[in-house]
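Examination of the molecular architecture
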Amino acid sequence: MLILDEPTEGLDPRQRRDILELIKGLAGKHTVVLSTHILADVKATCQSALVIHRGKIRVHDSIDKLTQGGQKSLEDVFLEATTDDVESAAASAA
């Protein structure tokens, strides 16, 4: 099992591409846990994703199911999974 925390942070485009290819090459042979805020990296390398917000799992499914076969972006999925707390906090502060 490999746990990678923000593996492409600070890399130039060539290094980023190489790391993402390495991660994809590990699939099937190893379990890879990728922690990142770069959702393009998730889409490029992962078969499934989960969103943890404020210590709770909000979303967990295959990329295809989360994006409804490409009809939604992972950004949309993330925003939907985390919006309720942001709106509640803003309403409380007002």
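Presented here is a report on the structure given in the accompanying data block. Source: prediction; values computed, not measured. (Residues numbered from 1 in each chain as written. Predicted model: local features only at pLDDT ≥ 70, side-chain atom pairs only at ≥ 80, totals over all residues. Heavy atoms only, no water.)

1. Considerations on unusual backbone geometry
For residues other than glycine, phi is negative in most cases, and the peptide bonds are mostly trans. The phi angle at Glu6 is positive, at roughly 50°, despite the residue not being glycine. Relative to the helices and strands, Glu6 resides in the loop between β1 (2-5) and α1 (13-26). A positive phi angle, close to 55°, is found at Arg54, a residue other than glycine. Counting through the fold element by element, Arg54 comes out in the loop between β3 (48-53) and β4 (56-62). Since its relative accessible area comes to 59%, Arg54 is described here as exposed. (Helix = DSSP H or I, 4+ residues; strand = E, 2+ residues; numbered from the N terminus. Buried < 20%, exposed > 50% of the residue type's maximum accessible area, 1.4 Å probe, protein only.)

2. Considering the side chain of His53
Inspection of the secondary structure puts His53 in strand β3. In terms of polar contacts, His53 uses its side chain to reach the side chain of Arg54, at 3.3 Å. (Polar contact = N/O pair within 3.5 Å; in protein donor to acceptor, adjacent residues only side chain to side chain.)

3. Some thoughts on the pairing of β1
In this structure, β1 lies alongside strand β2 (residues 32-35), joined through four bridges in parallel fashion. Bridging from a neighbouring strand, Ile3 pairs with Val33 of β2. (Pairing = 2+ DSSP bridges.)

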